[in-house]
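# Overview (structure and organization)
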Amino acid sequence: MGKKNKSKAALNSSADEPATKQALEEQMPPQTSPAVNEPFEIPLHSKQAAFALLWLLVYSFFMFTLPFVAFYGTKHILADHFQVTGFPNTCGSVLAAVLTVNVIIILYALRGFREAEEDEQERKRNETTTTAASGEESKKIK
């Protein structure tokens, strides 16, 4: 191919290019923009994960701070109000801190069980609403 043939091929390809773009645009489905009045909705599993992390942080904070409060609070009360000193004071303070940790763990576990029950109830509600909606759609079709 000579120079003339190459330039003619280039002219033909550039002339066909707009037609090809139009053909491609016609084949592509129209892009729909999201409805303006619909608020942005976070998926349910993301909300659950966010709340799970939040409660984990809250209970972790309690697990770190409350045993210290229980230990030193009990130590102060036993020493000042009941005049208990030495080993019995330390044992009572440690017992209070250990009981505080156990109460926090129990509360965290109960929260997890309650969330599992709420998730199950929400799934049942979603199933009944989707079945009711599909039943209404089938009535409209008939």
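Since the model is a prediction, treat every value here as computed from it, not as a measurement.

## Describing the packing of aromatic side chains
- Counted by the stated rule, this structure contains 6 aromatic pairs.
- Ring geometry for Tyr59 versus Tyr108: centroids 5.2 Å apart, planes at 65°, classification edge-to-face. One end of the pair, Tyr59, is in helix H2 (residues 44-80); the other, Tyr108, is in helix H3 (residues 87-141), with 49 residues separating them in the sequence.
- The class of Tyr108 is partly exposed, set by a relative accessible area of 37%.
- Ring geometry for Phe71 against Tyr72: centres 4.9 Å apart, planes inclined by 90°, an arrangement best described as edge-to-face.
- For Phe71, a relative accessible area of 17% puts it in the buried group.
- Here a set of aromatic residues connected by ring pairs shows up, and it is made of Trp55, Tyr59, Phe61, Phe62 and Tyr108.

## What to know about the layout of surface pockets
- For the largest pocket, the calculated volume is near 250 Å³.
- Looking at the largest pocket, the residues that line it are Leu44, Lys47, Gln48, Phe51, Ala52, Trp55, Arg111, Glu115, Glu118, Asp119 and Glu122.
- Broken down by secondary-structure element, the contributors of at least two residues to the lining of the largest pocket are H2 and H3.
- Here the residues of the lining of the largest pocket sort into 4 nonpolar, 1 polar and 6 charged.

## Topic: the environment of Tyr72
- You can see Tyr72 is positioned in helix H2.
- For Tyr72, a relative accessible area of 53% puts it in the exposed group.
- Remark: the alpha-carbon pair of Tyr72 and Ala97, spanning 25 residues in sequence, is separated by 8.8 Å.

## What about the environment of Phe68?
- Inspection of the secondary structure puts Phe68 in helix H2.
- Put simply, Phe68 and Val94 are 26 residues apart on the chain and 9.6 Å apart in space, counted from C-alpha to C-alpha.

## Looking at H2
- Counted at 1.5 Å a residue, the expected span for H2 with its 37 residues is 54 Å, and the 52 Å between its end C-alpha atoms agrees.
- The largest bend in H2 comes to about 25°, at Thr65, with the proline Pro67 one to four residues further on.
- Among all positions in H2, only Tyr59, Pro67, Ala70, Phe71 and Leu78 are buried.

## What about the pattern of salt bridges?
- Following the criterion strictly, the structure yields 2 salt bridges and no others.
- Across the pair Arg111 and Glu115 runs a salt bridge, and its minimum N-O distance is 3.6 Å. Of this pair, Arg111 and Glu115 both sit in helix H3, 4 residues apart, which is roughly one turn of the helix.

## Focus on the confidence of the model for the protein chain
- Scored by pLDDT, the protein chain has a mean of 81; 66% of the residues are at 70 or more.
- Taken element by element, the protein chain is modelled with least confidence in helix H1 (residues 3-27), mean pLDDT 56, and with most confidence in H2, mean pLDDT 94.

Reading guide: rules and limits
- Note that residues are indexed from 1 along each chain, following the sequence as it is written.
- In view of the model being predicted, local features appear only for residues whose pLDDT reaches at least 70, and side-chain atom pairs are presented and counted only at 80 or more, with totals across whole chains, interfaces and linings using the full set of residues.
- No hydrogens and no water enter the side-chain calculation; it runs on all heavy atoms of the structure.
- Ring pairs shown here join Phe, Tyr and Trp side chains whose ring centres sit within 6.5 Å, with only the six-membered ring taken for Trp; geometry is labelled stacked below 30 degrees between planes, edge-to-face above 60, and tilted in between.
- The helix and strand labels rest on DSSP assignments: H or I over at least four residues marks a helix, E over at least two residues marks a strand, and numbering proceeds from the N terminus.
- A simple rule labels every residue: compare its accessible area, found with a 1.4 Å probe on the protein chains alone, to the largest value its type can have, and call it buried under 20%, exposed over 50%, or partly exposed in between.
- In this analysis the probe radius is 1.4 Å and the grid spacing 1 Å, with only protein atoms considered; a cavity is a set of points the probe fits into but cannot get out of, a pocket is an open set with protein on both sides within 12 Å along at least five of seven lines, and lining residues have an atom within 4 Å of a point.
- Grid points are joined across faces, edges and corners, and a volume is the space filled by probe spheres set on the points.
- Throughout, the ten residues Ala, Val, Leu, Ile, Met, Phe, Trp, Tyr, Cys and Pro are labelled nonpolar, Asp, Glu, Lys and Arg are labelled charged, and all others, Gly among them, are labelled polar.
- By definition here, a helix of n residues has an expected span of 1.5 Å times n minus one.
- Here the bend at a residue means the angle between the axes of two seven-residue stretches, the one that ends at it and the one that starts at it.
- Any carboxyl oxygen of Asp or Glu within 4 Å of a side-chain nitrogen of Lys or Arg constitutes a salt bridge here.
- The predictor attaches a confidence to each residue, and that confidence, scored 0 to 100, is pLDDT.

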